[in-house]
Every structure is written in C-alpha cells, then in structure tokens.
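Fold and geometry: a report
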Amino acid sequence: MTAAAAIARLTGVDPVRVRPAGGSAAEVFRARLADGRQVVAKSAAAGSSVAEAAGLRWLAAANAVPIPAVLGHDETWLVLDWVPPGEPAPAAAERFGRELAALHTSGATAFGCPPPGGPAQAWIGAAPMRNEPHADWPEFFATQRLEPYLRTADLPDPAPVREVCDRIAEYAGPPEPPARLHGDLWSGNVLWGASGVHLIDPAAHGGHRESDLAMLALFGCPHLDRILGAYQEVAPLAPGWRDRVPLHQLFPLLVHVVLFGGSYGERTVAAARAVRGRPPSG
C-alpha cells in the first residue's frame, strides 16, 4: 500500500501532497491533507506500528511531555500529527526536564509491563524486545533486556557483562516503583518543536527511570545538564545515580552491537567494567 492510500484510509481525508521525510528502521513521509492539516506517516515492520501507537497514547495519557497525536494506525502504518520544528533552547530544556519527571512519576503497573492495549512484543528501533511484567527491576532488566542480546552479541570479552547480569541486584541501587518510560530516549527521539520538546518513536514500558536518563546521555542531548537539573527539582534521583549510568546504558549498547557491530562491542565491555569497578549498592 502506498503512503497516500494509507493516510487516506487511516485518517478519512485524502492527502494533497506526500513526500519522503527520511527514516531508518521505518519509511517516513510528510503529507498535507485536503483539510489543511499536516501529518507524518510511518511504515515499519508488521506489528511495530501497533506497539508504537499504544506507547504514544500511554505516554500522552500522563499529560506530562507533549506527544504527537495518533490519527490512525494498522499493523504496518502509523499516522501522527506533524510537529512544527523549533530549536533547542535552555528554557525549553528545563521545561522538558520537569515534564519528563512528571511522566516518569505517573507510573506503571509493573516493571516490563507494556502500555495498555499494546503487544508484549515491542521494538527499540529495529530491534525486538519482550515486555513481560516483573515485580523486581533487577531481574527484569537482566532477563528481559541484557541476557537476550548478550546471547547473540559479538563482544570482545562477554565475561564482564555476564557478571553484571549475575550480580545485578548488587549494582541496581535503592528500590524504586515502576516508572512510565519512553524506552528509547536517545536525542533523535527528542523533537525540539516550536512549542517545546515532543517525544516520538517510543519503546514504552514500565521500567526504571534512570534508564531513560542514561539513554539521553548515551549519544548526547542539547542542554542535558539543564534537563537533568530541572528533573531533579521535581523528582530527585537516588544517591549514586551517576555511577549507575553505565549499568542502564548496557541494554542500548548491546542492541547496537547486534545491529551495527563495530566499536559498540568495546563500548559495551567498557560500560560493564565501569559497573563492576564501583562498590556494590549497600
């Protein structure tokens, strides 16, 4: 099905102009509808649109960070409101930090729970991940995130990652309630719009809020210090959170090893060694 046909079917309005807008794991198109609205349409792997739509709606239900409205979806297509672009600015970053804290503290029913109505199978980019509810974050993170990718990742030395999995309860920090996570919060999914930050392309689930923050830091994000400072004003992080950043970065790094290889293997092993190199949580 073409993008134009999918947009017309899912919105009930014919597009008058459709053009490619980039994309990596998905084909992305921008369109203007006959009623004047501008939308974005994405075509991706079967099922991923359903998971993404459920995630966007769950995040939007928190009334915290602005989320593009889902206008329609099926198994392979997702149509969203277009967000007018803006520029990263300190004031917008601070507002985003406070909004992200509100999103996280809106909570989830369990670690690993999918969004209501969403499938257990979800994706971080092009990589699948399983969402199955757990009462315990360390067990969830080790068994549902690290170990599945560790089995297929080509690492120069997998032993440090295996040890982190075996001893993860010692490194996890103080227990926290499940947070409502974006789940793939790298800087490319932080959309600096004209009216502030919007979040796109989630892999939403119940998890540990430090995972989202560690993902923001992994590839850099404009005004990150201001984001984190404002976040701390609303929902202070547990002592030692900076030391736990490498722990939370292990999952996205393992995903990158499997998808892209290259230097990500060395970065993953270095992160695991950094986790092991600090005193366990007491």
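For the structure itself, look to the data block above.
Calculation notes
Residues numbered from 1 in each chain as written. Predicted model: local features only at pLDDT ≥ 70, side-chain atom pairs only at ≥ 80, totals over all residues. Heavy atoms only, no water. Core = buried A, V, L, I, M, F, W, Y, C linked by side-chain atoms within 4.5 Å. Buried < 20%, exposed > 50% of the residue type's maximum accessible area, 1.4 Å probe, protein only. Helix = DSSP H or I, 4+ residues; strand = E, 2+ residues; numbered from the N terminus. Contact = heavy atoms within 4.5 Å. Salt bridge = Lys/Arg side-chain N within 4 Å of Asp/Glu carboxyl O. Expected span 1.5 Å × (residues − 1). Phe/Tyr/Trp six-rings, centres within 6.5 Å; stacked < 30°, edge-to-face > 60°. Lys NZ or Arg CZ within 6 Å of the ring centre and 35° of its normal.

With 72 residues, the main nonpolar core has Phe-96, Leu-199, Leu-216 and Leu-247 as its most contacted residues. The leading source of residues in this core is helix α9 (residues 245-260), at 8 residues. With sequence-adjacent residues up to four places away left out, Leu-216 is seen in contact with Phe-96, Leu-100, Leu-185, Val-190, Cys-221, Leu-224 and Ile-227.

Taken as a whole and assessed by the stated rule, the structure comprises 12 salt bridges. Salt-bridge contacts for Arg-167 lead to Glu-163; the nearest nitrogen and oxygen are separated by 3.0 Å. Among the residues examined, Arg-167 registers a relative accessible area of 29% and is labelled partly exposed. Look at Glu-163 and you get partly exposed, because its relative accessible area is 25%.

Another aspect to go through is α9. For an α-helix the count is 3.6 residues per turn, leaving residues at separations of three or four pointing the same way. Here α9 contains 16 residues, and its C-alpha end-to-end distance of 22 Å stays within 8% of the 22 Å for a straight helix at 1.5 Å per residue. Burial analysis of α9 places 13 of its 16 residues in the buried class, the great majority of the element. Following α9 by one or two positions, Gly-261 has its phi on the positive side, about 65°.

Summed over all chains, the structure comprises 5 aromatic pairs. Relative to Phe-251, the ring of Tyr-149 has its centre 5.8 Å away and its plane inclined at 70°; by these criteria the two rings are edge-to-face. Highlighted residues: Tyr-149 in helix α4 (residues 137-150) and Phe-251 in helix α9, separated in sequence by 102 residues. By the burial criterion, Tyr-149 is buried, and Phe-251 matches it. Residue placement shows Arg-30 over the ring face of Trp-82; its charged tip is 3.8 Å from the ring centre. Arg-145 extends its terminal NZ or CZ atom over the ring of Phe-251, reaching a point 5.5 Å from the ring centre.

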